Amino acid sequence: MANKNKNVFTGTGRRKASVARVTLTPGKGAITVNGRDVYEYFNDKILVLDLCQPLEITKTKDMFDIVIKVKGGGLSGQGGAARLGITRALLQFDSTTPSDSENSFRKLLKVEGLITRDARKKERKKPGLKKARRAPQFSKR
């Protein structure tokens, strides 16, 4: 994803039914999601900690202002999508460092398992069942 401005880094993240477009610009560490503060949008602090994990690992929490546009799914899926988007934007920022270097972002994030997309989705409902695997209640009489 090439940008005209060299100081803007973008990444797209997906999780369950959610898609997040993340933009990193040099700044003080402000994070906005759909025009609102991250703590206002994700009212659960654990979701915010999960979202900030790539920034904590790479020690870049106060280096960038992050703007996230997210749609689809629920809050958990949106948080996971935003985390993957932040990871991909950080990899774009660190693209000049060789990936076999000891302090490359790719190596640090790969160890934590943040580069891989979580492909788990909701399983489809099967005919004759209440949900994907939940069978109707058995009645002997």
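Model, not experiment: these values are computed from the prediction.

## Side note on the overall build of the chain
Secondary structure assignment for the chain yields 5 helices and 5 strands. Its helices and strands taken in sequence order, the chain reads β-β-β-β-α-α-α-β-α-α from the N to the C terminus. Relative to a compact globule of 141 residues, whose C-alpha radius of gyration would be 14 Å, the chain shows 19 Å and is clearly more extended. Projecting the C-alpha coordinates of the chain onto the three principal axes gives extents of approximately 70 × 35 × 25 Å. Within the span of the chain, comprising 141 residues, buried residues form 35% of the whole.

## Some thoughts on the pattern of salt bridges
Tallied over the full model, the rule gives 7 salt bridges. Of the charged contacts in the structure, one is a salt bridge between aspartate 118 and arginine 15, with a shortest N-O distance of 3.5 Å. Of this pair, aspartate 118 sits in the segment after helix H5 (105-112) while arginine 15 sits in strand S1 (residues 9-15); the two residues are 103 residues apart in sequence, bridging distant segments of the chain. Its relative accessible area of 14% is what places arginine 15 among the buried residues. Across the pair arginine 133 and glutamate 123 runs a salt bridge whose closest N-O atoms are separated by 3.1 Å. With arginine 133 in the segment after H5 and glutamate 123 in the segment after H5, this pair connects stretches of sequence that are 10 residues apart.

## Here we look at the nonpolar core
Counting residues in hydrophobic clusters, the biggest one holds 29 residues, and the most contacted among them are Leu24, Ile31, Phe42, Leu51, Ile66, Ile68 and Ile86. When residues of this core are traced back to their parent elements, those giving at least two are strand S2 (18-26), strand S3 (31-33), helix H1 (38-41), helix H2 (45-51), helix H3 (53-58), strand S5 (64-71), helix H4 (75-93) and H5. Examining the composition of this core, we find that 6 residues originate from one element, H4, more than from any other. Isoleucine 31 has contacts with Arg36, Asp37, Val38, Leu51, Cys52, Leu55, Ile66 and Ile68, leaving out every residue within four places of it along the chain.

## A few points about the packing of H4 against H5
Their axes nearest at 9 Å, the elements H4 and H5 cross at an angle of 155°. By the angle between their axes, H4 is roughly antiparallel relative to H5. Taken together, the residues of H5 that come into contact with H4 (itself represented by Thr87, Leu90, Leu91 and Phe93) are Phe105, Arg106 and Leu109. Split by residue class, the contact of H4 with H5 holds 5 nonpolar, 1 polar and 1 charged.

## With respect to unusual backbone geometry
In this structure, lysine 16 is a non-glycine residue whose phi angle is positive, near 55°. Its location among the elements puts lysine 16 in the loop between S1 and S2. According to the relative accessible area criterion, lysine 16 is partly exposed, its value standing at 43%. One non-glycine residue, lysine 59, adopts positive backbone phi at about 55°.

## Notes on the sheet that holds S1
With mixed pairing, 5 strands are arranged side by side in an open sheet as S1-S2-S5-S3-S4. Since the sheet does not close on itself, it has two edges, and those belong to S1 and strand S4 (36-37), each with one partner. By the bridge criterion, 8 bridges tie S2 to S5 in an arrangement that is antiparallel. For alanine 20, the partnering residue across the bridge sits in S5 and is valine 70. On top of the sheet, H4 reaches S1, S2 and S5; it is set at about 145° to S1, its chief contact.

## Concerning the pairing of S1
Of all the 7 residues making up S1, 6 are buried; the element is thus mostly covered by neighbouring parts of the structure. Here S1 pairs with S2 via 7 bridges, running antiparallel. Paired with threonine 10 across the two strands is threonine 23, which belongs to S2. Hairpin remark: S1 followed by S2, antiparallel, with 2 residues in the connecting loop; positive phi at lysine 16, about 55°.

Cut-off values and rules
- Residues numbered from 1 in each chain as written.
- Predicted model: local features only at pLDDT ≥ 70, side-chain atom pairs only at ≥ 80, totals over all residues.
- Heavy atoms only, no water.
- Helix = DSSP H or I, 4+ residues; strand = E, 2+ residues; numbered from the N terminus.
- Rg over C-alpha atoms; globule rule 2.2 N^0.38 Å.
- Buried < 20%, exposed > 50% of the residue type's maximum accessible area, 1.4 Å probe, protein only.
- Salt bridge = Lys/Arg side-chain N within 4 Å of Asp/Glu carboxyl O.
- Core = buried A, V, L, I, M, F, W, Y, C linked by side-chain atoms within 4.5 Å.
- Contact = heavy atoms within 4.5 Å.
- Axes fitted to C-alpha atoms, helices over the stretch in contact; angles between N-to-C directions.
- Parallel < 35°, antiparallel > 145°, perpendicular 65-115°, else oblique.
- Nonpolar A, V, L, I, M, F, W, Y, C, P; charged D, E, K, R; others polar.
- Pairing = 2+ DSSP bridges.

Remember that the coordinates give geometry; whether it matters functionally is a separate question.
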